[in-house]
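Descriptive structure summary
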Amino acid sequence: MERVMPHPLIETKLYLPSPRPGRVARPRLRERLDRGLAAKLLVVSAPAGFGKTTLLVDWLASAGGARDGEQVRGAWLALDAADNDPARFWRYVVGALRTVLPGVGQDALGLLEDSRPPAVELVLTTLLNELSALDLDTVLVLDDYHVIDAPPVHEGMAFLLAHLPARLHLVLATRSDPPLPLPRLRASGDLVEVRAADLRFTAQEAASYLNDVMGLELGPDDVHALEGRTEGWIAALQLAALSMTGRTDVSGFIAGFTGDDRYVVDYLVEEVLQRLPVDLRDFLLRTSVLDRMTGSLCNALTGRVDGRSVLEALERDNLFVVPLDDRRHWYRYHHLFADVLRGRLLDEQPGVVTGLHTTAATWYEQQGDVEEAIRHSLLGEDFERAGELVETVLPAFRRDRREATLRGWLEALPRPVLQDRPILGNALAGARMSTGEFDGVDDLLDATEEWMRGVGHALEGRARGAAVDEEYRRLPADLAVHRAGLALVRGDVEQTVTHARAALDLVGEEDHVSRGAALALGGLAAWSTGDLETAHTAYAACLVEFELIDHVSDVLGCSITLGDIEVVQGRLRSAARTYRAALDLADRHHRPVLRGRADMHVGLAARHLEADDLAAARQELARCRELGESAGLPQDAYRWRVVLAGICEAEGDVEGAVDLLDEAERLYVGDFSPPVRPVPAVRARTWARHGAVDAALDWADRVGLSLDDPLSYLREFEHLTLAKVLVADARHHEGGDLSLVVTFLDRLLEAATEGGRGGSVVEIQVTRALALQQLGDDEGSVRALAAALGLAEPEGYVRTFLDEGVPMATLLAAVERRAPSAYVRRLRSASSPAPATQPVPRRSGSAHVVPVEPLSTRERDVLRLLDTELNGPEIARELVVSLNTVRTHTKNLYMKLGVTSRRAAVRRGRELDLL
Amino acid sequence: MDQLRTAVDPAPDEGWYRIRVRGRLDQRWSTWFGDMSLTGGEDGTTVLRGRVGDQAALHGLIEKVRDLGLTLLEVSHEAPDAAAEPDR
């Protein structure tokens with residue numbers, strides 16, 4: 001049994017504070033906040049102590065927070081530094097929304113656990129789809145947003161903001177402006193701001209506070225003096241009021257305060273603390289190290305027994321404690337006050353701070369809140385304990401995709417602790433590698449290995465949970481997987497294979513994650529050496545491992561590779577089955593959309609294209625678009641364009657095809673797969689087929705290809721392209737010595753046959769047939785083509801033949817005369833526009849520009865409605881969004897379609913099959 | 001990250017910094033601000049001065065200034081010889 005689970009949501013973070021009685025009414029600000037309901041984002045941005053939280057609490061609680069007479073629902077989330085972990089941040093956001101929308105976000109939370117690292121856009125898309133049906137205005141307040149400094153969280157927020165449903169309103173209270181596109185939002189009227197200048201108490205508000213609320217009965221001059229000295233800073237006015245309460249010589253205090261130029265808070269806190277009993281002052285200082293306080297925790301830190309009643313008294317006396325629940329159980333200090341207290345503690349008793357943190361760590365550990373216990377252990381510099389605790393929660397945090405939190409802890413632990421608990425060092429190595437950082441990874445792995453060689457290997461008798469023991473059992477295999485991964489990144493195929501094999505030997509039958517990883521790494525290495533049979537076996541086995549543990553995303557990812565391998569092997573039908581099986585699995589899984597689905601549709605589109613079923617191919621590509629960008633893995637963007645280019649070319653739109661290939665080249669992402677079909681080579685083939693032989697020859701020159709090159713699988717596609725270009729050149733310029741090309745093709749054929757690359761063999765034979773035809777060797781030509789046809793028929797190849805145009809048609813006719821067959825007849829009669837024979841310009845005009853960026857689902861909705869009689873406001877109503885939103889979508893889709901009018905957009909949409 | 005560093009600040013990012021804030025800040029804040037020295041000026045401002053490990057540490061200090069609600073007036077990097085004064 002696991003000793004501890006990661007802590008569930010801390011409810012105090014989601015507590016919407018109740019307004020305290022006797023507030024200063026601030027109608028001028030309330031009106032501004034109400035306007036925020038018509039905008040997307042409301043930012044309350046001001047330093048500590050400016051009354052941001054109070055303002056929002058009062059607003060939400062009052063009739064002011066209402067729209068069209070209906071009370072809005074307020075969801076509250078108080079952020080802290082630990083929320084820089086995206087998995088934690090979004091889990092809390094969903095938690096906050098659930099306080100007003102029970103049960104919302106179930107699928108989103110599921111997705112959060114499904115992917116590593118969390119596929120935030122996918123999670124948010126799912127959540128937003130659910131929220132788009134909101135029937136009441138809902139305000140989500142994120143308090144203390146300035147604690148967030150992790151770019152992934154900001155990126156997620158920007159995405160949320162860009163797709164915010166009409167009735168969800170986002171409010172950020174912060175000390176620093178958030179790195180979101182504020183200027184753009186401001187310009188489009190989607191941002192309402194309340195800033196320091198707005199929040200400062202005016203003289204009138206200061207008077208109302210000091211006299212009406214605090215009952216100080218000050219004259220106008222005194223109020224004016226205090227307001228001037230504090231510059232309307234609310235926290236300072238509160239401290240001043242506190243200092244004056246019960247004081248006989250109020251004027252003397254005011255004179256002293258206003259005549260002094262010390263930092264306002266320093267002066268006032270001194271005044272307040274001086275008047276407190278020594279033991280209470282000590283209580284404040286010692287408990288200031290806490291982020292949240294409860295009676296027994298305070299007792300632990302102060303040695304008292306009455307912590308709870310002290311906290312209640314502090315609240316009663318307005319001593320800057322804020323209740324965090326309705327039961328008077330948890331409190332926190334006002335942030336500014338806490339900082340001042342901490343500063344004093346550090347100055348007066350620097351030696352006690354670490355001790356207080358370790359005491360807090362012990363208390364939290366006893367309560368089972370390991371996350372807080374670790375935080376305080378690190379602050380208390382008790383690294384040994386921190387290491388022990390991190391080790392305990394490692395498996396559970398991994399499972400919950402809390403990598404960012406783990407990473408933060410691991411980076412904070414000193415070397416000896418990592419070495420003493422090598423699953424931690426190993427986890428740090430893995431975390432760094434997964435974010436593309438390889439600094440120090442070797443050292444960490446070496447240290448782990450050393451530990452395994454030494455005494456540690458005998459698993460000394462530390463008390464650990466079963467899950468941690470399991471981590472230690474897996475350590476040798478994990479280490480080998482990491483070594484293999486590192487070798488792959490460095491391009492060291494041999495070492496990759498060696499370590500992947502070692503990992504497979506070490507890994508337990510039940511450890512499907514490590515088995516899958518090791519198989520995939522070994523498979524990738526085999527693939528890049530051209531050993532496709534081994535690669536295929538490895539990937540097929542790897543899929544089984546991931547399927548067994550329901551790692552659907554990994555199954556989809558590996559299916560891309562497996563499909564690619566099968567295509568090269570000439571097993572087109574197997575490839576289609578691979579994609580379909582992966583899609584079926586994703587469908588059967590309890591949460592339907594998953595990253596990687598789009599890639600499967602692209603794979604299927606390519607199969608349809610080869611079978612010359614262009615409509616079906618287009619349909620598959622359209623499916624990808626419907627799924628949205630976030631359903632694609634990194635390679636999807638370029639692969640999608642390569643397939644669409646093939647379709648365009650088959651339809652006779654060569655310019656469009658070349659444009660798409662240009663885009664694909666820009667978007668190319670290898671993602672560790674060997675670059676076996678480089679986009680420039682694909683484009684060179686298109687050029688060569690359509691008469692732009694010079695451009696194709698330039699390509700071959702630039703890449704540095706020659707017929708004398710030694711052959712390797714990695715360059716096979718390029719070499720075959722070179723041969724195709726030279727054959728086309730001979731045809732167009734009646735020059736060149738094709739016999740050398742034929743010899744080269746013979747070599748390629750031999751290598752491909754030997755490597756079991758059936759798909760390559762078909763293509764090479766087709767090219768040989770064309771070369772021999774050009775040489776006048778009709779007999780050899782027909783024989784080569786017949787060999788290609790024999791392999792191609794069972795797999796249903798079509799375009800590989802049709803793409804070769806008129807010369808191929810002539811050859812097919814010759815074959816049919818000798819040995820008629822249904823397959824050849826089908827190829828001959830397959831409809832295909834005559835390929836263009838005039839040279840193709842490399843850049844095209846605007847006539848056939850295909851959208852650079854796909855339309856979003858929302859943009860497609862708008863486009864569909866543009867094709868109706870509805871006007872703008874009607875479209876907005878139809879889609880339940882604001883007119884502004886419709887305008888934005890329209891503007892974006894015009895841009896993407898390259899049009900400037902509604903009619904043109906509709907026409908273009910039809911051309912692109914978007915309507 | 002190395003690239004960014006080169007692009008933004010070709011000089012090594014550690015060194016001596018001066019941070020000037022409005023108001024007279026008590027000497028007791030020295031530890032809070034990572035043992036920087038605090039000097040009150042005639043003009044009612046305070047200069048925090050000290051060695052800063054790197055840019056992240058500097059931003060951490062500025063964040064502390066923000067969190068106390070202090071008004072930040074100036075941040076400057078000091079030439080090494082100016083820093084040689086024996087004041088800490």
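Cut-offs and rules
- Residues numbered from 1 in each chain as written.
- Chains lettered and ligands numbered in written order.
- Predicted model: local features only at pLDDT ≥ 70, side-chain atom pairs only at ≥ 80, totals over all residues.
- Heavy atoms only, no water.
- Helix = DSSP H or I, 4+ residues; strand = E, 2+ residues; numbered from the N terminus.
- Contact = heavy atoms within 4.5 Å.
- Areas by Shrake-Rupley, 256 points an atom, 1.4 Å probe, with all protein chains shown as cover.
- Pairing = 2+ DSSP bridges.
- Axes fitted to C-alpha atoms, helices over the stretch in contact; angles between N-to-C directions.
- Buried < 20%, exposed > 50% of the residue type's maximum accessible area, 1.4 Å probe, protein only.
- Core = buried A, V, L, I, M, F, W, Y, C linked by side-chain atoms within 4.5 Å.
- Phe/Tyr/Trp six-rings, centres within 6.5 Å; stacked < 30°, edge-to-face > 60°.
- Lys NZ or Arg CZ within 6 Å of the ring centre and 35° of its normal.
- Salt bridge = Lys/Arg side-chain N within 4 Å of Asp/Glu carboxyl O.
- Domains from an automatic or database assignment.
- Buried area = accessible area lost by both parts, 1.4 Å probe.
- Polar contact = N/O pair within 3.5 Å; in protein donor to acceptor, adjacent residues only side chain to side chain.
- Nonpolar A, V, L, I, M, F, W, Y, C, P; charged D, E, K, R; others polar.
- Parallel < 35°, antiparallel > 145°, perpendicular 65-115°, else oblique.
- Left-handed = near helix turned anticlockwise from the far one by under 90°.
- pLDDT = per-residue confidence, 0-100.
- Expected span 1.5 Å × (residues − 1).

A count of helical and extended segments in chain B gives 2 helices and 4 strands. Going from N to C terminus, chain B has its helices and strands arranged as α-β-β-β-α-β. Residue pairs in contact within chain B that sit at least 24 positions apart in sequence constitute 67% of those at least 6 positions apart. Counting every atom, chain B has about 5,100 Å² of accessible surface; 52% of that belongs to carbon and sulfur.

The next subject is the sheet that holds strand β1 (residues 41-45) of chain A. Residue and element names in this part refer to chain A. Sheet architecture is open: 5 strands sit in the order β4-β5-β6-β1-β7, paired in parallel fashion. One side of each edge strand has no neighbouring strand; the edge strands of this open sheet are β4 (73-78) and β7 (191-195). Averaged over neighbouring strand pairs, the angle between their axes works out to 15° when direction is ignored. Relative to β7, β1 runs parallel, the two sharing 5 bridges. Counted as the bridge partner of S45 is R195 from β7.

Okay, the environment of A:R186 next. All names here are of chain A. Structurally, R186 can be placed in helix α7 (residues 182-187). Residue R186 is classed as partly exposed on the basis of its relative accessible area of 39%. Between the C-alpha atoms of R186 and L41, which are 145 residues apart in sequence, the distance is 9.4 Å. Non-local contacts of R186, meaning those with residues more than four positions away in its chain, are made with L191 and E193.

The next point concerns the nonpolar core. For soluble globular proteins, nonpolar side chains are generally found buried alongside one another. Counting 135 residues, the largest nonpolar core has A:L210, A:M244, A:L314, A:Y333 and B:F33 as the members making the most contacts within it. Dropping the residues within four chain positions of it, A:Y333 is found in contact with A:F283, A:L284, A:T287, A:S288, A:M293, A:L314, A:F320, A:V321, A:A338 and A:L341. Core analysis: the second largest hydrophobic core is formed by 79 residues, A:L524, A:L532, A:V742 and A:Y797 among them.

Two numbers describe a pair of aromatic rings. These are the distance of the centres and the angle of the planes. Residues and elements named next belong to chain A. Going through the model one piece at a time under the given rule, you end up with 14 aromatic pairs over all chains. Here the aromatic rings of F201 and Y209 are separated by 5.9 Å at their centres, their planes lie at 45°, and the arrangement is tilted. The burial state of F201 is the same as that of Y209; both residues are buried. On the numbers, 5.2 Å between centres and 50° between planes, the contact of F397 with W409 is tilted. Highlighted residues: F397 in helix α20 (residues 383-399) and W409 in helix α21 (residues 403-412), separated in sequence by 12 residues. Joined through ring pairs, the aromatic side chains of F253, F257 and Y267 make up one cluster. The positively charged end of R292 is found above the aromatic ring belonging to W330, 4.6 Å away from the centroid. It is R625 that lies over the ring of W640; its NZ or CZ is 3.5 Å from the centre.

Moving on, we get to the pattern of salt bridges. Residues and elements named next belong to chain A. Tallied over the entire structure, the rule returns 81 salt bridges over all chains. The partner of E312 in a salt bridge is R308, and the shortest N-O contact between them spans 3.3 Å. Here E312 and its partner R308 are both found in helix α16 (residues 307-316), 4 residues apart, which amounts to about one turn of the helix. We classify E312 as partly exposed; its relative accessible area is 29%.

Residues and elements named next belong to chain B. Taken in spatial order, the 4 strands of this open sheet run β2-β3-β1-β4, and their pairing is antiparallel. Every other strand in the sheet has two partners, leaving β2 (37-40) and β4 (72-78) as the edge strands with one partner each. Put simply, the sheet's adjacent strands are angled 20° from each other on average, direction ignored. Pairing between strand β1 (residues 15-22) and β4: 6 bridges, direction antiparallel. Looking at β4, one finds that R20 is bridged to E74.

Before going further, it helps to spend a moment on the domain arrangement of chain A. Many descriptions give the size of an interface as the accessible area lost when the pieces come together. Residues and elements named next belong to chain A. When cut into domains, chain A gives domain 1 (25-199), domain 2 (203-274), domain 3 (671-829) and domain 4 (857-911). Domain 1 puts 8 residues into the contact, and the matching count from domain 2 is 4 residues. In terms of surface lost to domain 2, no three residues of domain 1 exceed R26, G49 and F50, which account for 61% of the buried area on that side. At the junction of domain 1 with domain 2, the criterion picks out 2 salt bridges. Residue R28 pairs with E205 through a salt bridge whose shortest N-O separation is 2.8 Å. Remark: the boundary between domain 1 and domain 2 carries 5 residue pairs in polar contact (both at pLDDT 80 or more). Residue composition of the side of domain 1 that touches domain 2, grouped by class: 4 nonpolar, 2 polar and 2 charged.

Every contact between the two is made by 15 residues of chain B and, on the other side, 22 residues of chain A. Across the chain B/chain A interface, buried area totals approximately 1,800 Å², and carbon plus sulfur atoms make up 48% of it. In terms of surface lost to chain A, no three residues of chain B exceed B:R24, B:R28 and B:R66, which account for 38% of the buried area on that side. Put simply, B:R28 and A:E348 hold a salt bridge, and the shortest N to O gap is 3.2 Å. Where chain B touches chain A, the interface holds 12 residue pairs in polar contact (both at pLDDT 80 or more). Residues belonging to the side of chain B that touches chain A are distributed by class as follows: 5 nonpolar, 4 polar and 6 charged.

To continue, consider the packing of helix α33 (residues 636-650) of chain A against helix α34 (residues 654-667) of chain A. All names here are of chain A. As a packed pair, α33 and α34 sit with axes 8 Å apart at the nearest point and diverge in direction by 170°. Relative to α34, the element α33 lies roughly antiparallel. The interaxial crossing formed by α33 with α34 has left-handed handedness. On the side of α33, the interface is formed by A637, Y638, R641, V642, L644, A645, C648 and E649, while α34 contributes A657, L660, L661, E663, A664 and L667. For the contact of α33 with α34, a count of residues per class yields 11 nonpolar, no polar and 3 charged.

Let us now look at the confidence of the model for chain B. All names here are of chain B. Here chain B averages 78 in pLDDT, while 73% of its residues score no lower than 70. Every residue in residues 1-11 is under pLDDT 50, and counting partners more than four places away or in other chains gives 3 contacts. Here residues 83-88 scores under 50 on pLDDT; set against residues more than four positions off or in separate chains, the count is 8 contacts.

This brings us to helix α26 (residues 493-506) of chain A. The periodicity of an α-helix, 3.6 residues per turn, causes residues three or four places apart in sequence to face the same way. Residue and element names in this part refer to chain A. The first and last C-alpha atoms of α26 sit 20 Å apart over 14 residues, in line with the 20 Å expected at 1.5 Å per residue. Along α26, the positions that sit buried rather than exposed are T496, V497, H499, A500 and A503. Of the surrounding elements, those touching the buried residues of α26 are α25 (466-489) and α27 (512-528).

Residue and element names in this part refer to chain A. Here I254 shows up in helix α12 (residues 250-258). Look at I254 and you get buried, because its relative accessible area is 3%. Along the chain, I254 and L180 lie 74 residues apart, while their C-alpha atoms are 42 Å from each other. Residue contacts for I254: discarding those within four places in its chain leaves L218, D222, A225, L226 and M244.

This part takes up the environment of A:E193. Residues and elements named next belong to chain A. Residue position: E193 is located in strand β7. With sequence-adjacent residues up to four places away left out, E193 is seen in contact with R32, V43, R186 and D198. Within the structure, E193 has its side chain in polar contact with the side chain of R195 (distance 2.9 Å).

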